[in-house]
Every structure is written in structure tokens, then in C-alpha cells.
Amino acid sequence: MTAVWVATALLCLGTIGIKAAGPLLMGEHEPRGRWLAVIALLSPALLSSLIVYQTFSGHPDGLVVDARVAGAATAVAGALTRLPMFAVMVLAAGVTAAVRAIG
Amino acid sequence: MQRDPSLRDGMRAALPLILPVFVFGISFGVVAQPIVGGLAASVMSATVIAGAAQVAAVTVLDSGGGVAAAVVAGLLMNARFFPMALALAPALRGSRLRQLVEVQAAVDASFVLADQGDGTFSRGMLVGSWLPQTAAWVGGTVIGVLLGEVIPDPQRFGLDVVLPAFFITLLVRDVRTSGTRRTFAVMGLAIAITLALTPVAPAGMPVVVAAGAALLGLRR
């Protein structure tokens, strides 16, 4: 049982440290020029990666194609046709649940 | 000139996230309770506040991997917060201590919501959108721990795609407002890196490396 509490404490401190490194390393520097372009591209890079990761990653690892793919495809179609965000989320869940129920 | 978004704007922007994060919290509570105990699962959610890292750590503990392996798995999952925190640093104001506290609000959704598209970030959106997400995450975990036995599997309702669906709407909106050919190149590279590394790299690592696709911005 102690192991869990040690792991929790280390995870908490480690995560705080990872985030704190940002302001500590940047100090008073203001990014400029091409670094601003890199920073502006971080969101699309992280989002693309997270979407693919959350859609295809297996448990605990490996690539898996399952009902999540149908849900994610539905979300892409919904977002491209400018459906409201909440509708996109509900539709994606519904399609995933339906494919799971069939499959 | 747009006014700088306030904490309240950030909280409003996070409203669509409350339900999916709450459900994600419930599923973490359900899964973690038999492995680490209900109290530890709840304390973990309230102190680590990073779903994917917690799932990774608990999974390792469950498979008998030991404390060190569990902590490394969780921190690898959270390593993506490092480039995010670097990017956010100039948006933080006040004393160094206050900056170190506020940067803790850097999670995936709050980072993207705070992004103003030009390399700058809104502190109000960052902190404001983090607050309701965190409340939903911790509350969901506690509910999952308490009701684990009677709650049906959230995956049956497809709830595991609700967060990716949210990210998809953010990405499409992002591309519509400020997408260039270079944005598509970065997205393609990030997706290729993620697909290539997911089968071979430890959990979380593919996303960290894929964030490096943003370095394409250095090219003129």
C-alpha cells in the first residue's frame, strides 16, 4: 500500500516540476520571430497527435483499430460541417456505441 | 483590438468539457479503486490532475511493475507539458512564485483554449478553463470510487471518444482560423510520428516526440 502513496507523491512532484520548468527556463525572455511560429504550431501538432493516439492506441500498448475509429471519423465529419461542438461529441459517442453493440 | 479574455471567459469555454472529463474521472475511479484503493485514487486525481498519466501509472502498478516503473510511465505521459509550459511562460504575469503556480493550469484542453493563434496565450483562458475541468476530474474520480460496483462500463456508451471528438472540433476550428499549408505539414508529420511510435515507444512518448513537428515553423 505504501508503494501507491510514494508513486502518487513522486508523480505529483514530477508533474509540478515539468510544468515549472517552463517559466524557470524562459525567465524574462520573450520568444520572437520564427520561435513564435513554432509555438503557434504546437497546438495543431499536439492535437493531431493526441487525437490519433486516443483513437488508435491499444491497452496497454500497440496500434488497434476498433469502434473508436468510427466515432472519430464521425467527429471529423461533424466538425467539418460546422455542427455545434456538443452535437459533435454526442454523435461521436453514439456512433462508437452503436458500432460496439453490433461488433 | 479584442479584449483580453478573463477567468470567466475561460470557465465558459470549458463548459463542454465538464461532462466528458467527469465521465473520464468516473472511469478512472472505477478502474483504479480495486488496484490502489479508493482514497489513493482520489488523492492522486486531486494532486497529479492528469488523467492519462494516472491511468498509465495505475496500469503499471496493476501489472506488478513497481513504483519506479509506474512513476516513469506517468511522467513520460506528462512530458508533453514541458514544451507547453515553455510556450506559456511569457503569458504569465506577476511574481515568479505566482507564475510557477499558474503554469500548473497547463493541461491539454486549457493549453489549446488559451492559444491565441499567433504564438501568444491568454492567462485568463488558461486558468479559467482549467478550474471546471479539475473540479469535474476530481469529482468524477470520487463518484467512480464510491459507485464503482453499480456503474456500467462507460465504454459501452462510446464515452471514450468524447475527448478525442472535442479535440477534433478544436483542431478543425484552429485550422479554419489560422491554417496554412505549413499547418497541414505539421499535422501530417505529427500524425505520422504518432502512428510510427505508438507500437514501439512507451506510453505517452509518441505525443511528446510528435510535438516536435512544430519545429517545422523554423523553416521560412
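For the structure, see preceding data.
Residues numbered from 1 in each chain as written. Chains lettered and ligands numbered in written order. Predicted model: local features only at pLDDT ≥ 70, side-chain atom pairs only at ≥ 80, totals over all residues.

(A) Seen up close, the overall build of chain A. Of regular secondary structure, chain A possesses 4 helices and 0 strands. Sequence-ordered secondary structure for chain A, helices as α and strands as β, is α-α-α-α. Its C-alpha atoms give chain A a radius of gyration of 20 Å, more than 25% over the compact-globule value 13 Å for 103 residues. Considered along the principal axes of its C-alpha atoms, chain A spans approximately 55 × 50 × 25 Å. For chain A, the proportion of its 103 residues judged to be buried stands at 44%. (Helix = DSSP H or I, 4+ residues; strand = E, 2+ residues; numbered from the N terminus. Rg over C-alpha atoms; globule rule 2.2 N^0.38 Å. Buried ≥ 20, exposed ≤ 12 C-beta atoms within 10 Å, placed from the backbone.)

(B) Summary view of the overall build of chain B. Assigned secondary structure in chain B consists of 12 helices and 0 strands. Reading the secondary structure of chain B in the N-to-C direction produces α-α-α-α-α-α-α-α-α-α-α-α. In summary, chain B has a C-alpha radius of gyration of 18 Å against a globular reference of 17 Å for 220 residues, a match within 12%. Along the first, second and third principal axes, the C-alpha atoms of chain B reach 55 × 40 × 35 Å.

(C) Expanded view of helix α6 (residues 81–88) of chain B. Most of α6(B) sits out of view: 7 of its 8 residues are buried. For α6(B), the set of buried residues is B:F81, B:P83, B:M84, B:A85, B:L86, B:A87 and B:L88. Of the surrounding elements, those touching the buried residues of α6(B) are α1 (2–26) and α2 (34–56) of chain A together with α5 (66–78), α8 (108–114), α9 (123–147) and α12 (205–211) of chain B. (Contact = placed C-beta atoms within 7 Å.)

(D) Local environment of the interface of chain A and chain B. Of the residues lining the interface, 68 residues belong to chain A; the matching set on chain B comes to 84 residues. Only α1, α2, α3 (67–80) and α4 (85–102) of chain A provide two or more residues apiece to the side of chain A that touches chain B. Element by element, the count of residues in the side of chain A that touches chain B is highest for α2(A), at 22 residues.

(E) Highlighting the nonpolar core. With 110 residues, the main nonpolar core has A:A45, A:A92, B:A57, B:L88 and B:V162 as its most contacted residues. A per-element tally of this core places α2(A) first, with 13 residues. Not counting residues within four places of it along the chain, the set of residues in contact with A:A92 comprises A:G71, A:A72, A:T74, A:A75, B:V161, B:V162 and B:A165. (Core = buried A, V, L, I, M, F, W, Y, C linked by C-beta atoms within 7 Å.)

(F) Representation of unusual backbone geometry. Although it is not a glycine, A:R82 adopts a positive phi angle of roughly 60 degrees. A residue is classified by how many C-beta atoms lie within 10 Å of it, and A:R82, with 11 of them, is exposed. The residue B:I49 is not glycine, and still its phi comes out positive at about 50 degrees. Position of B:I49 relative to the elements: it lies in the loop between α3 (38–47) and α4 (51–62).

(G) Local environment of the packing of α4(B) against α5(B). All names here are of chain B. Viewed as axis vectors pointing N to C, α4 and α5 meet at an angle of 160 degrees, and their least axial separation amounts to 8 Å. As judged from the angle between their axes, α4 and α5 are roughly antiparallel. As α4 packs across α5, the resulting crossing turns out to be right-handed. From α4, A52, A53, Q54, A56, A57, V60 and L61 reach across to α5, where they touch A69, A70, V71, A73, G74, M77 and N78. Partitioned by chemical class, the residues of the contact of α4 with α5 number 11 nonpolar, 3 polar and no charged. (Axes fitted to C-alpha atoms, helices over the stretch in contact; angles between N-to-C directions. Parallel < 35°, antiparallel > 145°, perpendicular 65-115°, else oblique. Left-handed = near helix turned anticlockwise from the far one by under 90°. Nonpolar A, V, L, I, M, F, W, Y, C, P; charged D, E, K, R; others polar.)

(H) Fine view of the environment of B:L197. Here B:L197 lies in helix α11 (residues 181–197). Residues contacting B:L197, with those up to four places away along its chain left out, are B:M205, B:P206 and B:V209.

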